[in-house]
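Report on the structure
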Amino acid sequence: MVFVWTAFFAVALVVATVLIHYEVLRATSRLVTTVPIAARTRILLVLAGIFTAHILEVCLYALAYMLMSDHLGIGWVGGASTGSFADFFYFSITCYTTLGLGDVFPSGAMRIVAGIEALNGFVLIGWSTSFTYLAMERFWREGRKPPLA
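Residues numbered from 1 in each chain as written. Predicted model: local features only at pLDDT ≥ 70, side-chain atom pairs only at ≥ 80, totals over all residues. Heavy atoms only, no water.

So, on to the environment of Thr33. In this structure, Thr33 sits in helix H1 (residues 2-34). For Thr33, a relative accessible area of 34% gives the class partly exposed. Taking the C-alpha atoms as reference points, Thr33 and Ala135, 102 residues apart in sequence, are found 9.9 Å from one another. In this view, Thr33 contacts Arg42, Arg138 and Phe139; residues no more than four positions away in its chain are not counted. In terms of polar contacts, Thr33 uses its side chain to reach the backbone carbonyl oxygen of Arg30, at 3.1 Å. (Helix = DSSP H or I, 4+ residues; strand = E, 2+ residues; numbered from the N terminus. Buried < 20%, exposed > 50% of the residue type's maximum accessible area, 1.4 Å probe, protein only. Contact = heavy atoms within 4.5 Å. Polar contact = N/O pair within 3.5 Å; in protein donor to acceptor, adjacent residues only side chain to side chain.)

Next up, the structure:
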């Protein structure tokens, strides 16, 4: 039964983070193309949108770890952890970015969700990279002044 709950959390978190990422990038794309601002500022807005999406996604995973650990007994976070939200956030961000320092680590079935988070974060970071590249290519062209004839 624990595996079923763990699989449910992993799938639900992947779906939720993909939806968050899509909606934030879509809203960011709309904003930067409709607001009359300089090209450099558009790139900054793109990056702010991307960071916002990633932080929301990390927070969602942190809340899920807290729920799994404190209320459902699916696993726990060991090591240098006090069980605070800050510890779950720190653990989540090390998983999401595939950094994996090891000073805080998952135990029990929660390990499966942590592994899925690393894969999920890797894919979403790649998506953000692609989005940033496309925005920079577009807005850098707009920001260039035509050569003097």
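Next comes the rest of the account.
Moving on: the nonpolar core. Counting 18 residues, the largest nonpolar core has Phe9, Tyr65, Met68, Val77, Phe91 and Val113 as its most contacted members. Those elements that provide at least two residues to this core are H1, helix H2 (39-72), helix H3 (85-96) and helix H4 (110-143). No other element matches H2, which puts 5 residues into this core. Beyond its immediate stretch of four places on either side in the chain, Met68 contacts Phe9, Gly73, Ile74, Gly75, Met110 and Val113. (Core = buried A, V, L, I, M, F, W, Y, C linked by side-chain atoms within 4.5 Å.)

Contact pair H2 / H3: the axes reach a minimum separation of 8 Å and the direction vectors enclose 120°. Relative to H3, H2 is oriented oblique. Relative to H3, H2 is oriented so that their crossing is right-handed. Taken together, the residues of H3 that come into contact with H2 (itself represented by His54, Ile55, Glu57, Val58, Cys59, Tyr61, Ala62, Leu63, Tyr65, Met66, Ser69 and Asp70) are Phe85, Phe88, Phe89, Phe91, Ser92, Ile93, Cys95 and Tyr96. Residues belonging to the contact of H2 with H3 are distributed by class as follows: 15 nonpolar, 3 polar and 2 charged. (Axes fitted to C-alpha atoms, helices over the stretch in contact; angles between N-to-C directions. Parallel < 35°, antiparallel > 145°, perpendicular 65-115°, else oblique. Left-handed = near helix turned anticlockwise from the far one by under 90°. Nonpolar A, V, L, I, M, F, W, Y, C, P; charged D, E, K, R; others polar.)

Before going further, it helps to spend a moment on the side chain of Asn120. One can find Asn120 in helix H4. Non-local contacts of Asn120, meaning those with residues more than four positions away in its chain, are made with Leu13, Val14, Thr17, Val18 and Tyr61.

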